[in-house]
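A closer look at the structure
Single-letter residue listing:
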Amino acid sequence: MIVADRKSLSEIQDMVRDCRKILLVGCKGCVTVCNVGGLKEVQVLAATLRIAAKIEGRPLIVEETVLERQCDPEYVEMLKPVVDNFDAVVSMACGVGPQFLSEAYPQQRFFPAVNTTFFGGAVAHGIWEERCAGCGTCIIHYFDGMCPVARCSKSLMNGPCGGSDHGKCEISRNINCIWDMIVRKKTEQGRLNDLLDIVPAKNWQTARDGGPRQSRREELIQNG
Amino acid sequence: MDDLKSGSNLEKVLKAGHFALTGECGPPKGANIAHLKEKFAHLKGVVDAVNLTDNQTAVVRLSSWAASAIMVQDGLEPNFQMVCRDRNRLAMQSDILGAYALGVRNMLCLSGDHQKFGNHPAAKNVYDIDSMQLISLVKKMRDEGRFMNDDVIDTPPRLFIGAAANPFAEPFDFRIYRMTKKIAAGADFIQTQCIYNMDRFRVFMKQAVDMGLTEKCFILAGVTPMKTVGMASYMAKSVPGMEVPESLIKRLKGAEKGKVAEEGIRFCLEQIEEFKTMKGVAGVHLMAIEWEHRVPEIAERAGLLPRPVAP
Amino acid sequence: MSDAFEPTIIAFCCKYCAYAAADLAGSMRLSYPANIKISQVPCTGRVDIVHLLKAIEDGADGVYVAGCMEGDCHFVSGNLKALKRVTCVKKTLAELGMEPERVEMFNLSSAMGPRFAEIAIEMTDRIRKLGPSPVRRQPQPEAAAE
């Protein structure tokens with residue numbers, strides 16, 4: 001899923017400081033699963049913003065809604081009847097959400113309430129970790145299911161570097177050295193030879209480095 | 001190893017079978033060339049080549065190729081370091097050509113410390129290619145006369161290619177294979193991480209000799225004399241991939257007041273003495289951090305002076 | 001004015017412990033402040049961040065959650081979850097410039113009638129000292145009253 005963290009209250013407040021009536025829009029996709037932008041989080045942020053306004057003695061109406069997904073025009077369309085009733089709309093979806101909303105309703109102002117961080121999963125309740133960098137050319141099968149592009153701090157293809165420290169990355173004791181894990185797994189499975197060939201330089205054209213990307217599935221595209 | 005690949009002094013010294021000595025110098029955090037030249041001066045005639053670090057520990061300094069070029073003007077031989085953190089493949093190839101054009105003949109290919117440790121932690125890191133791929137790239141440019149994309153280079157850079165090896169970082173058992181890969185990629189010489197655990201290094205060198213690696217590549221053992229007990233404890237605790245045995249810290253602690261640095265130098269000299277006869281060790285890389293002025297004394301006491309004059 | 005201040009305090013009480021303790025306090029004829037408005041919950045694990053914030057938003061001067069002793073939750077760990085949520089709301093209050101002590105977590109058993117009364121008194125004293133919630137202190141504009 002796409003993982004995100006909520007922006008600080010003060011940052012969100014600064015965005016909508018001049019508004020008297022705002023709509024908070026959650027998303028039932030990834031951000032619901034990672035507990036940052038679903039129904040509950042929308043309610044919490046709305047209550048917090050209202051409390052803040054009351055403390056300041058400032059008029060503020062905050063309404064709450066949650067869309068099935070904000071990354072799909074058919075759901076984004078559902079805001080149409082209400083979207084113009086507000087001074088601004090705050091999206092609690094990943095970075096895709098506020099952009100799809102902006103494209104659908106160019107007359108309205110949209111603000112992001114979360115910082116979109118990475119593609120990952122929950123390794124434990126309340127802890128999410130990065131697993132994929134979206135480089136566009138998957139190579140994890142060469143590394144026994146572990147991605148050095150996303151999980152090595154230096155995206156080394158021929159690691160581990162000299163900074164591998166007792167299974168941890170040199171940048172933090174909270175981050176596993178993925179190369180240490182790759183070497184151990186290959187060793188355990190008797191496939192260390194796989195790592196003796198030099199992996200050539202990666203072609204980054206399929207990654208963001210090649211420019212903004214588009215994915216086309218001709219059989220799905222409807223003409224007209 | 002008959003034909004010279006670069007014609008560098010370091011290459012000639014090593015190929016003539018001499019026990020090599022290389023030094024290291026960090027460019028200044030500014031354009032204070034006078035200070036840089038003063039540091040060089042201590043090393044002139046004392047070492048065969050001097051490593052010029054490339055924004056080491058991710059702290060911005062005068063560029064390693066510029067410092068290398070200044071060194072060439074002053075009649076010393078640089079070992080130009082390049083890390084993968086700060087440049088993509090375009091910048092790398094361009095700087096390699098530039099450095100070569102300015103007289104650089106040795107180059108050390110490194111991954112580089114992550115910028116998180118440095119003075120610009122907010123920087124975007126590059127890591128377009130890794131150190132292994134950088135070695136392959138320099139070799140291709142030199143031996144095939146082609147860029148990474150196979151375009152022909154008009155006057156290819158003839159560089160003596162170096163790489164680093166850390167026998168002490170985990171996973172230990174894989175370290176010899178990683179060095180093997182670097183040699184296969186095209187490393188002509190290896191400079192190791194600072195050695196303090198001699199037992200571990202002996203094992204590593206035996207593996208290297210048994211695997212025939214020392215026939216293909218010159219291995220220079222890395223040493224850094226300990227100046228204080230604090231430095232030893234810091235390296236033991238806080239430098240990832242560095243191994244400082246408790247026995248060494250004890251030995252430094254046991255030194256008389258004001259004699260800790262001397263004890264550190266003595267340990268270093270004992271190490272060098274052993275390296276001289278250790279099978280497969282082709283020389284020593286002396287990293288005397290901000291201690292360049294003590295290098296002549298250490299080299300003298302180690303019996304490494306005068307340096308051989310390459311033909 | 002502060003002499004006249006009678007705080008409104010919402011207490012989310014677990015039916016297996018704190019709520020039963022409140023009953024016991026009643027039958028023991030122990031008096032505790034009338035400021036406490038009790039809301040019975042099947043387990044404090046049911047109390048969410050949004051419930052605590054809603055209470056504050058609606059003008060409560062203090063809020064607390066009273067659950068079973070640690071290790072004794074009827075649903076294993078509901079009280080521990082509640083503690084984490086209370087901690088989270090404390091942080092939010094701090095961000096809002098409010099005193100985090102307005103929200104608290106307590107643990108007690110159904111046999112602790114006197115302790116229930118003690119907590120009620122302690123919380124009332126605490127909030128009385130802090131004064132009215134800043135949510136109530138400001139004259140509220142009309143729009144917000146909708």
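Residues numbered from 1 in each chain as written. Chains lettered and ligands numbered in written order. Predicted model: local features only at pLDDT ≥ 70, side-chain atom pairs only at ≥ 80, totals over all residues. Heavy atoms only, no water.

When its domains are assigned, chain A resolves into domain 1 (2–117) and domain 2 (133–201). Measuring from the centre of the C-alpha atoms in domain 1 of chain A to the corresponding centre in domain 2 of chain A gives 38 Å. (Domains from an automatic or database assignment.)

With that settled, the discussion passes to the sheet that holds strand E1 (residues 2–6) of chain A. All names here are of chain A. Pairing is antiparallel across the open sheet formed by 3 strands, whose spatial order is E1-E6-E7. The sheet is open, and its two borders are formed by E1 and strand E7 (127–132), each paired with just one other strand. Neighbour to neighbour, the strand axes of the sheet diverge by 70 degrees on average, direction disregarded. (Pairing = 2+ DSSP bridges. Helix = DSSP H or I, 4+ residues; strand = E, 2+ residues; numbered from the N terminus. Axes fitted to C-alpha atoms, helices over the stretch in contact; angles between N-to-C directions.)

Accessible area lost upon the coming together of the parts serves often as the stated size of an interface. In this complex, chain A contributes 31 residues to the contact, which on the side of chain B involves 30 residues. At the boundary of chain A and chain B, one finds 1 salt bridge. A salt bridge links B:Glu170 to A:Arg184; the nearest nitrogen and oxygen atoms lie 3.5 Å apart. Summed over the shared surface of chain A and chain B, the number is 20 residue pairs in polar contact (both at pLDDT 80 or more). (Contact = heavy atoms within 4.5 Å. Salt bridge = Lys/Arg side-chain N within 4 Å of Asp/Glu carboxyl O. Polar contact = N/O pair within 3.5 Å; in protein donor to acceptor, adjacent residues only side chain to side chain.)

A few words on the sheet that holds strand E3 (residues 62–67) of chain C. All names here are of chain C. Overall, parallel pairing links the 4 strands, which are arranged E2-E1-E3-E4 in an open sheet. In this open sheet, the two edge strands, each paired with only one partner strand, are strand E2 (36–41) and strand E4 (103–107). Across this sheet, the average inter-strand angle for adjacent strands is 20 degrees, counted without regard to direction. Seen against the sheet, helix H1 (residues 18–27) touches strand E1 (9–14), E2 and E3 and runs at an angle of roughly 110 degrees to E1. Sheet strands touched by helix H3 (residues 78–95): E3 and E4. Its angle to E4, the strand with the most contacts, is close to 160 degrees.

Contacts between the two partners involve 20 residues from chain C, matched on the other side by 18 residues from chain A. Summed over the shared surface of chain C and chain A, the result is 2 salt bridges. Between chain C and chain A we count 4 residue pairs in polar contact (both at pLDDT 80 or more) in total. Of all the secondary structure elements, the ones that give two or more residues to the side of chain C that touches chain A are helix H2 (49–57), H3 and helix H5 (134–137) of chain C. The element best represented in the side of chain C that touches chain A is H2(C), accounting for 6 residues. Partitioned by chemical class, the residues of the side of chain C that touches chain A number 12 nonpolar, 3 polar and 5 charged. (Nonpolar A, V, L, I, M, F, W, Y, C, P; charged D, E, K, R; others polar.)

On to unusual backbone geometry. In this chain, A:Gly159 is followed by A:Pro160 through a cis amide linkage whose omega measures -5 degrees. Within the fold, A:Pro160 resides in the loop between helix H6 (148–151) and strand E8 (168–169). In this model, B:Glu170 is joined to B:Pro171 through a cis peptide bond whose omega is -10 degrees. Assignment of secondary structure puts B:Pro171 in the loop between strand E5 (160–165) and helix H6 (172–185). Non-glycine residue A:Asp144 carries a positive phi angle of around 50 degrees. With respect to the element layout, A:Asp144 can be found in the loop between E7 and H6. In this structure A:Asp144 comes out as buried when scored by relative accessible area, which is 12%. Positive phi is not limited to glycine here, since B:Thr155 has a value of about 70 degrees. By relative accessible area, which is 52% here, B:Thr155 ends up exposed. (Buried < 20%, exposed > 50% of the residue type's maximum accessible area, 1.4 Å probe, protein only.)

With that out of the way, let us pick up the packing of aromatic side chains. Two aromatic rings, taken as a pair, are described by how far apart their centres are and by the angle between their planes. Counted under the stated rule, the structure contains 10 aromatic pairs over all chains. Their ring planes at 75 degrees and their centres at 5.4 Å tell us that A:Phe143 and A:Trp179 sit as a pair that is edge-to-face. Residue A:Phe143 is found in the loop between E7 and H6, and its partner A:Trp179 is found in helix H7 (residues 178–188); the two are separated by 36 residues along the sequence. Per residue, the accessibility class of A:Phe143 equals that of A:Trp179, and both read buried. Ring centres of B:Phe160 and B:Phe189 lie 5.1 Å apart, and the angle between their planes is 25 degrees; this geometry places the pair in the stacked category. Within this pair, whereas B:Phe160 is found in strand E5, its partner B:Phe189 is found in strand E6 (residues 189–194), the two being separated by 29 residues in sequence. B:Phe189 matches B:Phe160 in its accessibility class, with the two residues each being buried. Here the basic side chain of A:Lys21 rests over the ring of A:Phe86, its NZ or CZ set 5.3 Å away from the ring centre. The ring centre of A:Trp204 lies 5.6 Å from the NZ or CZ of A:Lys202, which sits over that ring. (Phe/Tyr/Trp six-rings, centres within 6.5 Å; stacked < 30°, edge-to-face > 60°. Lys NZ or Arg CZ within 6 Å of the ring centre and 35° of its normal.)

Tallied over the entire structure, the rule returns 55 salt bridges over all chains. Between A:Asp194 and A:Lys186 there is a salt bridge, and its shortest N-O distance comes to 2.8 Å. Taking relative accessible area as the criterion, A:Lys186 reaches 1% and is therefore assigned buried. Residue C:Glu122 pairs with C:Arg126 through a salt bridge whose shortest N-O separation is 3.9 Å. In this pair, C:Glu122 and C:Arg126 both sit in helix H4 (residues 113–130), 4 residues apart, roughly one turn of the helix. Classification of C:Glu122 by relative accessible area gives partly exposed; the value is 33%. One network of salt bridges, in which partners are shared, links B:Arg251, B:Glu262, B:Glu263, B:Arg266, B:Glu270, B:Arg294, B:Glu297 and B:Arg301.

Attention now goes to the side chain of B:Asn197. All names here are of chain B. Mapped onto the elements, asparagine 197 comes out in the loop between E6 and helix H7 (198–210). Assessed through its relative accessible area of 13%, asparagine 197 is described here as buried. Engagement of the side chain of asparagine 197 in a polar contact is seen with the backbone nitrogen of arginine 200, the distance being 3.0 Å. Among the polar contacts made by the side chain of asparagine 197, one reaches the side chain of glutamate 243 at a distance of 2.9 Å. Residues in contact with asparagine 197, not counting those within four places in the same chain, are Phe168, Glu243 and Pro245.

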